[in-house]
Amino acid sequence: MIDKIIETSMNNKGMVILLVLLLSGAGIWAMLNSPLDALPDLSDPQVIIFTEWEGRSPDIIEDQVTFPITSTLLAAPNVRYVRGQSMFGASFVYVIFEEGTDLYWARSRVLEFLNQIQGDLPDGATPTLGPDATGVGWVFQYALVDTTEQHNLADLRSFNDWSLRYWLESLPGVAEVANFGGFVKQYQATVDPAKLLAYNIPLMKVADAIRENNRDVGGRTIEMGGTEVMVRGRGYIQSAEDLENIVVEEREGKPIFVKDLGTVEIGGDQRRGLGEWNGKGEAVGGIVVMRYGENALTVIDRIKERISEVEASMPPGVTLEVTYDRSELIRESISLLTSTLIQVMIIVFLIVGLFLLHFRSALVIIITLPVA
């Protein structure tokens, strides 16, 4: 068999050279277009379902949220396993599909089954799908550091949530930016139980008054001088003073405000963790997750380019510090592969040249190694 191949190749040198050139061109195209990553993605196609139901214990979450979702998704096509995890106020369901299943096809099937059971879930529990990414999609991480101490952690978190996050999520190949650290800004109204009792006002009435007075309402249009003017009421809360001056109830022509029942201040939401920067104190950060099937090196280069573009728009004194960058590992892996290939070519050339004393054969090996 081998003799026949050698004989055929020797009698058709032009065809062999043409075939080698075609394969070399295909190899160069694949090298330039194949996704580059230092960590191979060996995970099965997986869809994560997250459901938040605040204030409920894990056993209630398991019975009313996790179990109905897992039992329904067991019948989905190409599903291998369905694993559920219940915790205080939240449910996670992991749907693992057969190997080779298209991830976006799997997400569509999961959405179809979720639509079927939406009516069986309790009010306030709305399941959502996790990002279209895998376990190795964590490719970049950063921290926002204020060296001048002009901004507190709530200001940095607000900038990260409402500006920087969207600048990065708009990039092709980015599935999500998961923010952490700092404080989520809140307007907090702390009522005094003694004052509620004195005014004989239930707590829910205060909550309803705040909710009803934090919205815009639309009216109709009126014509003035041949021009239509839209009438609307603008009632969104803009400051703590607006919240203090909300009327909860009116008695004998005298309004009772929120400030008469307690105090209003700007604070941070309850949190279960924090971000720390090099032992220097707390910091706000974000994790950039790559979309499934994307080129990690290309995505990271886009992220760095976008960061350089928006640096001028950051708050004064705030700098972005890179805490994790997989592109360095990827480039080191490519450099190691290149140097190893060169070393192998040199060793093969010397061994064949010294032992066979036929440098033309060594030259053939040197050419075919990188081509392969």
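Reference entry: report on the structure contained in this document. (Residues numbered from 1 in each chain as written. Predicted model: local features only at pLDDT ≥ 70, side-chain atom pairs only at ≥ 80, totals over all residues. Heavy atoms only, no water.)

Re helix 9 (residues 296-310)
Thought 1: For helix 9, which comprises 15 residues, the first-to-last C-alpha distance of 21 Å matches the rise-based estimate of 21 Å (1.5 Å per residue) to within 8%.
Thought 2: All buried positions along helix 9 are accounted for by Ala 296, Leu 297, Val 299, Ile 300, Ile 303, Ile 307 and Val 310. Seen from one end, helix 9 has its buried residues packed into an arc of 165 degrees, which puts them on one side.
Thought 3: Contacts made by the buried residues of helix 9 are with strand 5 (138-146), helix 5 (153-169), strand 6 (174-180), strand 13 (284-290), strand 14 (318-325) and helix 10 (326-355).
Thought 4: Two or three places before Leu 297, at the opening of helix 9, Asn 295 has a side-chain oxygen 3.2 Å from that residue's backbone nitrogen. (Helix = DSSP H or I, 4+ residues; strand = E, 2+ residues; numbered from the N terminus. Expected span 1.5 Å × (residues − 1). Buried < 20%, exposed > 50% of the residue type's maximum accessible area, 1.4 Å probe, protein only. Arc of directions from axis to C-beta. Contact = heavy atoms within 4.5 Å. Polar contact = N/O pair within 3.5 Å; in protein donor to acceptor, adjacent residues only side chain to side chain.)

Describing the sheet that holds strand 3 (residues 90-97)
Thought 1: Read across the sheet, 4 strands follow the order 2-3-1-4 without closing on themselves; strand pairing throughout is antiparallel. The open sheet terminates on both sides in strands that have one partner only, identified here as strand 2 (79-87) and strand 4 (128-129).
Thought 2: Sheet analysis places strand 1 (residues 46-52) next to strand 3, joined by 7 bridges and oriented antiparallel. Bridge pairing in strand 3 links Ile 48 to Tyr 94. (Pairing = 2+ DSSP bridges.)

Quick word on the nonpolar core
Thought 1: Of all hydrophobic cores here, the largest spans 26 residues; its most connected members are Phe 140, Tyr 142, Leu 164, Leu 168, Val 288 and Ile 303.
Thought 2: Counting residues per element, the ones that place at least two in this core are strand 5, helix 5, strand 6, strand 13, helix 9 and strand 14.
Thought 3: Among the elements that take part in this core, helix 9 stands out by supplying 7 residues, more than any other.
Thought 4: Apart from residues no more than four positions distant in its own chain, Phe 140 is found in contact with Gly 286, Ile 287, Val 288, Ile 300, Ile 303, Lys 304, Ile 307, Val 322, Tyr 324 and Asp 325.
Thought 5: Ranked by size, the runner-up nonpolar core spans 21 residues in total, among them Ile 49, Ile 61, Leu 103 and Ala 106. (Core = buried A, V, L, I, M, F, W, Y, C linked by side-chain atoms within 4.5 Å.)

Looking at the pairing of strand 8 (residues 217-224)
Thought 1: Burial analysis of strand 8 places just 0 of its 8 residues in the buried class, which makes it a mostly uncovered element.
Thought 2: If you look at the hairpin formed by strand 8 and strand 9 (residues 227-233), you'll find 2 residues sitting between the two strands, and Gly 225 has a positive phi there, around 65 degrees.

What about unusual backbone geometry?
Thought 1: The phi torsion at Glu 149 lies on the positive side, around 60 degrees, for a residue other than glycine.
Thought 2: With respect to the secondary-structure elements, Glu 149 resides in the loop between strand 5 and helix 5.
Thought 3: The exposure class of Glu 149 is exposed, given its relative accessible area of 71%.
Thought 4: Phi at Asn 278 takes a positive value of approximately 55 degrees, unusual for a residue other than glycine.
Thought 5: Looking at the element boundaries, Asn 278 is found in the loop between strand 12 (262-268) and strand 13.

Some remarks on the packing of aromatic side chains
Any pair of aromatic rings gets described here by the distance separating the centres and the angle formed by the planes.
Thought 1: Under the criterion given, the structure shown has 3 aromatic pairs.
Thought 2: For the ring pair Phe 92 and Tyr 94, a centre distance of 6.5 Å and an interplane angle of 15 degrees mean the geometry is stacked.
Thought 3: Exposure remark for Phe 92: the relative accessible area of 22% places this residue in the partly exposed category.
Thought 4: Measuring from centroid to centroid gives 5.9 Å for Phe 159 and Trp 167, while their planes differ by 75 degrees, and the two rings are edge-to-face.
Thought 5: Taking the relative accessible area as the measure of exposure, Trp 167 reaches 26% and is therefore partly exposed. (Phe/Tyr/Trp six-rings, centres within 6.5 Å; stacked < 30°, edge-to-face > 60°.)

Overview of the pattern of salt bridges
Close approach of charged atoms allows side chains with opposite charge to pair.
Thought 1: Summed over the entire model, instances satisfying the criterion amount to 14 salt bridges.
Thought 2: Notably, a salt bridge pairs Asp 208 with Arg 211, separated by 2.8 Å at the nearest N-O pair. Pair noted here: Asp 208 and Arg 211 are both in helix 7 (residues 203-212), with a separation of 3 residues, about one helical turn.
Thought 3: On the basis of relative accessible area, Asp 208 is assigned to the partly exposed category, the value being 35%.
Thought 4: The partner of Glu 212 in a salt bridge is Arg 215, with the nearest N and O atoms 2.9 Å apart.
Thought 5: Connected through salt bridges with shared partners, the residues Lys 205, Glu 249 and Arg 251 form a single ionic network. (Salt bridge = Lys/Arg side-chain N within 4 Å of Asp/Glu carboxyl O.)

Brief notes about the environment of Phe 113
Thought 1: Along the polypeptide, Phe 113 turns up in helix 4 (residues 103-117).
Thought 2: Note on Phe 113: relative accessible area 14%, which makes it buried.
Thought 3: Along the chain, Phe 113 and Val 289 lie 176 residues apart, while their C-alpha atoms are 26 Å from each other.
Thought 4: Excluding anything up to four places from it in sequence, Phe 113 contacts Thr 72, Leu 73, Ala 75, Ala 76 and Pro 77.

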